[in-house]
Amino acid sequence: MISAIAGKASNSGTLMAILSFPMLIPVLIILIRITLKAIAANDGAANAQDLLYLTGLNILIIGMALILFPYLWRD
Amino acid sequence: MLKQLHNKWWKVLCVVLLLYTFGYGLFVPTPNVVLLHETIRNLFFHVPCWFAMLLLMLTSLIYSVMYLRKGRMIYDVVATNMLKVALLFGVLGYITGMLWGSYTWGNLTSWMTSDTKTLGAAIGLLIYFAYFILRGSIDDEEKRARVSAVYSIFAFVLLNVAINVVPRLKDSLHPGSGGNATFTVYDLDSHLRMVFYPAVFAYTTLGLWISSLLIRISILHYKQHHIDIE
């Protein structure tokens, strides 16, 4: 989705990085937290909540991309 | 909508309410809450910034959707100029929040990197800064308008997830989450509310005022190049 947006611009390589960075931070934060818990050998119950957030966020982003992509595609 | 914005009465109201906020807001009796004490007055300066930002972004979102549906250039002009002002309020809200936090939550570095809502706000603002970088890098106007409209819808949803949804699920130092009381609990005699609601209204109308001026400048700019965007 981001690359589709960036692809429309002229210097798409740099723009791709700039646009996707803030979008990736939340995903990265959750992933880091899950990894930390995995290393600390928890029982996995605490991980379930974080995994839920991660899936929720992914579903949201994919859903938005599905709705909005046709507008980008139409040229 | 632009025609109605030429009226004067709401601008006068905005100035009067701003003076009221900055005047009476400094003298209003405060509930003497532990830790907050007199810093509770920042409620009139910090929170309305975010309210105004969110309302301007919502208006901009509506115009972005209208652009994608109708494809008239004027909607794009309105949407992007409102976002400019919204970002200004966002940055102001961030700065006042930093000041407030440094008095009540202690050392800046201890909570800036760990508080959920602060992080969310930083991420949300970054997403919107990227919006302007995106606009700056596309030359074709039609394409720029369409791509940035799509991106701003995307950004609005992510910003709201970052500052409104996640802090309610996770712990945050901010009121209203993590077992912290909201301000209605402290505000027993409604003194704070008497300043707070006018402040929100004043900040929002100030944002509308600035953005309407920006919009009119953009329209003039288009007219100068003999492009009809109405």
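Since the structure is predicted, the reported quantities are computational estimates derived from the model, not experimental observations. Once a new chain begins, its residue numbering starts again from 1 and follows that chain's sequence as written. As a convention, the first chain written is A and the first ligand written is 1, with the rest following in written order. Two thresholds apply to this predicted model, a pLDDT of at least 70 for residue-level local features and 80 or more for giving and counting side-chain atom pairs, whereas whole-chain, interface and lining totals are computed over all residues.

Observations concerning the overall build of chain B
The secondary structure content of chain B amounts to eight helices and zero strands. Elements are defined by DSSP. Helices are runs of H or I of four residues or more, strands are runs of E of two residues or more, and each kind is numbered from the N terminus. Order of helices (α) and strands (β) in chain B, N terminus to C terminus: α-α-α-α-α-α-α-α. With C-beta atoms placed from the backbone, a residue is labelled by how many other C-beta atoms lie within 10 Å of its own: buried for 20 or more, exposed for 12 or fewer, partly exposed between the two. Looking at chain B as a whole, 38% of its 230 residues are labelled buried. Distance between backbone-placed C-beta atoms decides contact: two residues are in contact if it is within 7 Å. Taking contacts inside chain B between residues at least 6 apart in sequence as the whole, the part at least 24 apart equals 74%.

Regarding the nonpolar core
Nonpolar side chains in soluble globular proteins tend to end up buried together. We define the nonpolar core as any set of buried residues of the types Ala, Val, Leu, Ile, Met, Phe, Trp, Tyr and Cys, connected via C-beta atoms lying within 7 Å of each other. Core analysis: the largest hydrophobic core is formed by 59 residues, its most contacted members being Met53(B) and Ala155(B). Taken together, the elements giving at least two residues each to this core come down to helix H2 (12–39) of chain A together with helix H2 (47–70), helix H3 (73–104), helix H5 (116–136), helix H6 (141–169) and helix H8 (191–224) of chain B. Contacts of Met53(B), omitting those with residues within four sequence positions, involve Ala86(B), Phe89(B), Gly90(B) and Gly93(B).

Observations concerning the interface of chain B and chain A
If you look at the interface, chain B gives 21 residues, while chain A gives 17 residues. For the side of chain B that touches chain A, the elements supplying multiple residues, two or more each, are H5 and H6 of chain B. Per element, the largest residue contribution to the side of chain B that touches chain A is 11 residues, and it comes from H6(B). Residue polarity is assigned by list, with Asp, Glu, Lys and Arg as charged and Ala, Val, Leu, Ile, Met, Phe, Trp, Tyr, Cys and Pro as nonpolar; anything else, Gly included, falls into the polar class. Within the side of chain B that touches chain A, the residues separate by chemical class into 17 nonpolar, one polar and three charged.

Looking at H2(B)
One less than the number of residues in a helix, times 1.5 Å, gives the span that helix is expected to have. Its 24 residues give H2(B) an end-to-end C-alpha distance of 35 Å, which sits within 8% of 34 Å, the value for a rise of 1.5 Å per residue. Of the residues flanking the end of H2(B), it is Gly71(B), one or two places downstream, whose phi is positive at about 75°.

Digging into the packing of H3(B) against H5(B)
All names here are of chain B. In this analysis, axes come from line fits to C-alpha atoms, helices being fitted only over the stretch in contact, and the angle between any two N-to-C directions falls in the range 0 to 180 degrees. In contact at an axis separation of 11 Å, H3 and H5 are set at 145° when each is read in the N-to-C sense. As H3 packs across H5, the resulting crossing turns out to be left-handed. Along its contact with H3, which presents Thr 80, Leu 83, Leu 87, Gly 90 and Tyr 94, the element H5 presents Ala 121, Leu 125, Tyr 128, Tyr 131 and Arg 135. Here the contact of H3 with H5 is composed, by residue class, of seven nonpolar, two polar and one charged. Crossing handedness is read from the near helix: turned anticlockwise from the far helix by less than a right angle, it gives a left-handed crossing, and turned clockwise, a right-handed one.

Quick notes on the environment of Gly101(B)
Assignment of secondary structure puts Gly101(B) in helix H3. Contacts of Gly101(B), omitting those with residues within four sequence positions, involve Leu108(B) and Trp111(B).

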